[in-house]
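What follows is each chain in one-letter form.
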Amino acid sequence: MTTIDNLVQIDHVTFGYDRSRTILTDVSLQFPRGNVVAIMGSSGSGKTTLLRLIGGVVRPQSGSILFDREPVDPSDTDKLFALRRRLGMLFQFGALFTDLSAFENVAFPLREHTDLPESMIRDIVLLKLNAVGLRGAASLRIAELSGGMGRRIALARAIALDPELIMYDEPFAGLDPISLGVTANLIRRLNDATGATSIIVSHDVDECFQICDYAYLISSGRIAGHGTAAELRASEDPEVRQFIRGEPDGPVPFHYPAQPIGQELGLPS
Amino acid sequence: MNPLNVLAALGARALWLLTSLGHASLFFVELVRHTPAALRRFDLSLVQIHAIGNLSLVIIVTSGASVGGVLALQAYYALDRYGAAESVGLLVALSLLRELGPVLTALLFAGRAGTSLTAEIGLMKAGEQLAAMEIMAVDPRSRVLAPRFLAGIISMPLLSAIFSAVGVAGGYVVAVKLIGIDSAAFWSQMQDGVDVFKDVGNGVVKTIVFGVASTFVALYIGYESDATPEGVAQATTRTVVISSVSVLILDFLLTSLMFSTRP
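Procedures and definitions
Residues numbered from 1 in each chain as written. Chains lettered and ligands numbered in written order. Predicted model: local features only at pLDDT ≥ 70, side-chain atom pairs only at ≥ 80, totals over all residues. Helix = DSSP H or I, 4+ residues; strand = E, 2+ residues; numbered from the N terminus. Rg over C-alpha atoms; globule rule 2.2 N^0.38 Å. Buried ≥ 20, exposed ≤ 12 C-beta atoms within 10 Å, placed from the backbone. Contact = placed C-beta atoms within 7 Å. Pairing = 2+ DSSP bridges. Axes fitted to C-alpha atoms, helices over the stretch in contact; angles between N-to-C directions. pLDDT = per-residue confidence, 0-100. Nonpolar A, V, L, I, M, F, W, Y, C, P; charged D, E, K, R; others polar. Domains from an automatic or database assignment.

### A word on the overall build of chain A
1) Next: Regarding its fold elements, chain A presents 10 helices and 10 strands.
2) Next: The C-alpha radius of gyration computed for chain A amounts to 20 Å, which stays within 12% of the reference 18 Å derived for 269 residues, consistent with globular compactness.
3) Next: Reported as C-alpha extents along the three principal axes, the dimensions of chain A are approximately 75 × 45 × 35 Å.
4) Next: Across the 269 residues of chain A, 37% fall into the buried class.
5) Next: Contacts in chain A between residues at least 24 apart in sequence constitute 64% of all its contacts with a sequence separation of at least 6.

Written out as structure tokens, the structure is:
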């Protein structure tokens, strides 16, 4: 049996920000090298927390996280920073540095982590901007960019150092149909062209299924289902079906827990 | 009112206060630890010195001139009673150098530069810019916080010096040009009575201490603020209040140590 080469491996991880609130319970995920894997689930299910665990921002209460077969250890700062130089992250709203121009934003990781001369940095930045179709916007200030453009500049910044792992936090949220198509296309093309591994956290089922090789569905801190797009679409599991088909009621209830409405309105029973 | 509830609330408040103080102390230690990095990337600190220092010049100069002029006026009325009107220059200079220069500069600094630091750091945190920096393996404490801390410590003594200088000039205009005190007496009494180490030196020490305190408070409150409009608004007011009170308390402590009457 051939062992799959996983760039990232999450094994039986349990995590909560404090003792009263457990976000993830005994979850295990694999991210094979060169694949695009989607992590889907409703808001608050713990998807973004998984990205923070992989990046070493937080530490799990139990279980392990391996990056390229090495454990991710937030307490070893040098090793953690060395790991972070191999990954790029696209934040939900871009998280661009508002005091710098688009060019300066993309140049930031190059200036901080390399000793390359300015001429070379300029070439690399223009190439990255070209890859996302925004070479002409290089001199614009962040405030002058639209939401979709800002997200693409942030993507150019995330790939500036040619990372092995690119993580996307809700890359499709709030985009118009054209930008949606452009972004999905970019994610897939970048992944294949650079040989990187991509993790997409999203609740946009259709866009994810179009570009991902594999997907996990997280619900209430557990893995509710996983598989390829076809497998998940055909799944009979009620939680998976409700999410994939967008049904308003099912295992995830429509109503926030409350007393019966008759009681609340004081109606005679 | 259940007395147990009151006690519990008081206890919780006390615990919260202690936790905050501890948290703030750790933050201060981190700031100091990363200051050498800010010295190595002095270009970043320079940008901040311009933002904190240069852009505060208008308010410092106008306030300095006004305070100096008012001091001269009030001092003249008081001193003239005892026939000591010619000592106005000395009184204005000593008041400015020892007290009003450092303290008023620190209060104005808290209002102008402190609030802008708090809002900027708070909004950067809210916009995930600091988290983005961290995930790019750049320590925001070295890149963002320490340069601002260093800039505050450097700017404050310079601003205070300008305040005092402009204040003396304002006092000169009022005392000599408007009231008519002898110019020679004005300057010579000042020259005789002001000691470089005791008066100017102590004033400089005060400004450095105030600079450390105000900048640290502004950065800490900004860093810990809530990522909402109300959170940032609350944070900026808290910065002004806590900075100002800290400066005044520190001033009292430092003055008692520096200018005690015991030999």
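Next comes the rest of the description.
### Describing the environment of Ala138 of chain A
Residue and element names in this part refer to chain A.
1) Next: Within the secondary structure layout, Ala138 lies in the loop between α4 (118-131) and α5 (147-158).
2) Next: Note: C-alpha distance between Ala138 and Val106 (32 residues apart in sequence) is 9.1 Å.
3) Next: Leave out the neighbours within four places in its chain, and Ala138 touches Ala102, Phe103, Leu126 and Leu129.

### Examining the sheet that holds strand β7 (residues 165-169) of chain A
Within a sheet, each strand pairs with its neighbour through backbone hydrogen bonds, oriented either parallel or antiparallel.
Residue and element names in this part refer to chain A.
1) Next: Judged by pairing direction, the sheet is mixed, and its 6 strands sit side by side in the order β6-β7-β8-β3-β9-β10 without closing on themselves. Strands at the two margins of the open sheet, each flanked by one partner only, are β6 (87-90) and β10 (222-227). If you compare each strand with its neighbour and ignore which way they point, the axes differ by 15° on average.
2) Next: α5 contacts β6 and β7 of the sheet and is inclined by roughly 170° relative to β6.

### With respect to the sheet that holds strand β2 (residues 21-32) of chain A
Residue and element names in this part refer to chain A.
1) Next: The strand order across the open sheet built from 4 strands is β2-β1-β4-β5, with neighbouring strands paired in antiparallel fashion. The two strands at the open ends of the sheet, each matched to only one other strand, are β2 and β5 (70-71).
2) Next: Direction of pairing for strand β1 (residues 6-18) relative to β2: antiparallel, over a ladder of 8 bridges. What sits directly across from Gln9, in β2, is Gln30.
3) Next: Helix-sheet contacts for helix α1 (residues 47-54) involve β1, β2 and β4 (62-67), and the interaxial angle to β1 is about 115°.

### Quick word on the confidence of the model for chain B
Residue and element names in this part refer to chain B.
1) Next: Taken over all residues, the pLDDT of chain B has a mean of 93, while the share at 70 or more is 99%.
2) Next: Here helix α1 (residues 3-40) stands out as the least confident element of chain B, with mean pLDDT 92; helix α6 (residues 140-179) is the most confident, with 96.
3) Next: Taken together, the chains of this predicted complex give a pTM of 0.87 and an interface ipTM of 0.85.

### Things to note about the interface of chain B and chain A
Reports often express the size of an interface as the amount of accessible area lost when the parts come together.
1) Next: Taken together, the contacts link 9 residues of chain B with 13 residues of chain A.
2) Next: In terms of residue class, the side of chain B that touches chain A is made up of 6 nonpolar, 2 polar and 1 charged.

### Remarks on the domain arrangement of chain A
Residue and element names in this part refer to chain A.
1) Next: Domain annotation of chain A identifies domain 1 (1-86 + 165-251) and domain 2 (95-162).
2) Next: Taken over C-alpha atoms, the centre of domain 1 sits 25 Å from the centre of domain 2.
3) Next: Every contact between the two is made by 11 residues of domain 1 and, on the other side, 11 residues of domain 2.
4) Next: It is helix α6 (residues 177-194) that contributes the most residues to the side of domain 1 that touches domain 2, 5 residues altogether.

### Focus on the pairing of β6 of chain A
Residue and element names in this part refer to chain A.
1) Next: Burial along β6 is two-sided: the face carrying Leu87 and Met89 and the face carrying Gly88 and Leu90 are both buried.
2) Next: With 4 bridges connecting them, β6 and β7 associate as parallel partners. The residue bridging Gly88 from the neighbouring strand is Ile166, located in β7.

### Describing the environment of Ala131 of chain B
All names here are of chain B.
1) Next: Here Ala131 is to be found in helix α5 (residues 129-135).
2) Next: Look at Ala131 and you get partly exposed, because 18 C-beta atoms sit within 10 Å.
3) Next: Between the alpha carbons of Ala131 and Lys177 there is a distance of 58 Å; along the sequence they are 46 residues apart.

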